[in-house]
Amino acid sequence: MKFLMTPAIASLAVLGASVMSLPAMADESQTPTISVTGNGTANVAPDMAIISMGVTKEAETAREALNANTEAMKKVLEEMQSAGIEARDLQTSDFSIQPQYVYPNNSNDEQKPRITGYVVRNSLSVRVRDLEKVGDVLDASVSLGVNDGGNLVFTNDNPDEVINQARSNAVKDAIAKAKTLAEAAGVELGAIKTISEQANNDAPRPMAKMRSMEMVASSAPVPIAAGENSYDVTVNITFEIAQ
């Protein structure tokens, strides 16, 4: 007598096989682990400065303000090139033409806002690769009419090597923390299960240090101290606990 397996019985058979395999899968997914976060830092002297300098001019008409601003910024660009700054290191970072208003108040007879003039702003980002020129560049820019900006950031043209060192330090820090936790818990570390790096923009963190190196001669109009940049990396590592 043949036994025919109905669809319902077949489904129950498959379900039973799946249930029987669940304990093994559960044991595998519940392997005890230790998760730690490691932090790494590496320091390096900067090799480039980025200066933000702007020219702001006001006039009764937009054309007059634009002409005055254009003439001043033209002189700044010519001076930067004369100082050895390459064209690739000169970039307009902001430009705007804005009206100036006088508004009705108790001290005037204005009935509604009225345009009294225009302001033209033109900002230039300058990368200075020779740090000994930073003080001279700042001094020259002000002498030529730069009256806005002046932000100065010391950075590194290619920080890959120092960032990799920070990564290595972060991993070492995580391993040391995991070993301490395992020893305190009376267990042994197993293989690394996961490892990841927290995203960052790789921007340097300037270090406030009293031993900052003076990058410009004492006779320079604007003394500049470059110091060091600090690059930080954070990693997350999960270790299995040896069974």
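What counts and how
Residues numbered from 1 in each chain as written. Predicted model: local features only at pLDDT ≥ 70, side-chain atom pairs only at ≥ 80, totals over all residues. Heavy atoms only, no water. pLDDT = per-residue confidence, 0-100. Contact = heavy atoms within 4.5 Å. Phe/Tyr/Trp six-rings, centres within 6.5 Å; stacked < 30°, edge-to-face > 60°. Salt bridge = Lys/Arg side-chain N within 4 Å of Asp/Glu carboxyl O. Helix = DSSP H or I, 4+ residues; strand = E, 2+ residues; numbered from the N terminus. Expected span 1.5 Å × (residues − 1). Buried < 20%, exposed > 50% of the residue type's maximum accessible area, 1.4 Å probe, protein only. Arc of directions from axis to C-beta. Pairing = 2+ DSSP bridges. Axes fitted to C-alpha atoms, helices over the stretch in contact; angles between N-to-C directions. Core = buried A, V, L, I, M, F, W, Y, C linked by side-chain atoms within 4.5 Å.

**Focus on the confidence of the model for the protein chain**
Here comes step 1: On average, residues of the protein chain score 83 in pLDDT, and 79% of them reach the 70 mark or higher.
Here comes step 2: Across residues 8-22 the pLDDT falls below 50, and counting only partners more than four positions away or on other chains, this stretch makes two contacts in the model.
Here comes step 3: Predicted confidence for residues 208-220 stays below pLDDT 50, and this span has 21 contacts to residues more than four positions away or in other chains.

**Examining the packing of aromatic side chains**
Here comes step 1: Evaluation of the coordinates by the stated rule reveals one aromatic pair.
Here comes step 2: Consider the rings of Tyr101 and Tyr103, whose centres lie 5.9 Å apart with planes at 35 degrees: the pair is tilted.

**A closer look at the pattern of salt bridges**
Here comes step 1: Tallied over the full model, the rule gives six salt bridges.
Here comes step 2: We note a salt bridge from Arg129 to Asp89, for which the minimum N-O separation is 2.8 Å. Of the two residues, Arg129 is situated in the loop between strand S4 (114-128) and helix H3 (134-143) and Asp89 in the loop between helix H2 (62-82) and strand S3 (90-102); the sequence distance between them amounts to 40 residues.
Here comes step 3: With its nearest N and O atoms 2.7 Å apart, the salt bridge here joins Glu197 to Arg167. One end of the pair, Glu197, is in strand S6 (residues 189-197); the other, Arg167, is in helix H4 (residues 160-185), with 30 residues separating them in the sequence.
Here comes step 4: Beyond isolated ion pairs, a larger network of salt bridges with shared partners links Asp89, Arg127, Arg129 and Asp157.

**A look at the environment of Ala176**
Here comes step 1: Structurally, the position occupied by Ala176 is in helix H4.
Here comes step 2: Taking the C-alpha atoms as reference points, Ala176 and Gly38, separated by 138 residues in sequence, lie 8.7 Å from one another.

**Section: H2**
Here comes step 1: Spanning 21 residues, H2 covers 30 Å between terminal C-alpha atoms, matching the ideal 30 Å at 1.5 Å per step.
Here comes step 2: Buried within H2 are the following residues: Ala65, Asn69, Ala72, Met73, Val76 and Met80. For H2, the arc enclosing every buried residue in end-on projection is 95 degrees, short of the 170-degree limit, so these residues lie on one face. Relative to its buried face, H2 has exposed residues pointing more than 90 degrees away, namely Arg63 and Ser82.
Here comes step 3: The secondary structure elements touched by the buried residues of H2 are strand S2 (48-59), S3, S4 and H3.
Here comes step 4: Gly84 lies just past H2 and shows a positive phi near 95 degrees.

**Looking at the sheet that holds S4**
Here comes step 1: Spatial ordering of the open sheet is given by S3-S4-S2-S5, a layout of four strands whose pairing is antiparallel. Looking along the sheet, the strands with just one partner apiece sit at the ends: S3 and strand S5 (148-155). Going from strand to strand, the sheet's axes swing by 15 degrees on average, the running direction of each strand aside.
Here comes step 2: Sheet topology places S2 next to S5; seven bridges connect them, and they run antiparallel. Across the sheet, the residue bridging to Ala49 is Phe154, located in S5.

**Overview of the nonpolar core**
Here comes step 1: By size, the foremost hydrophobic cluster in this structure holds 21 residues, and its most contacted members are Met53, Met80, Val126 and Val134.
Here comes step 2: Put simply, the parts of the chain that give this core at least two residues each are S2, H2, S4 and H3.
Here comes step 3: Residues in contact with Met80, not counting those within four places in the same chain, are Met53, Ile85, Leu90, Val126 and Val137.
Here comes step 4: Core analysis: the next-biggest nonpolar cluster, separate from the first, contains 16 residues, Ile34, Ala42, Ala178 and Phe239 among them.

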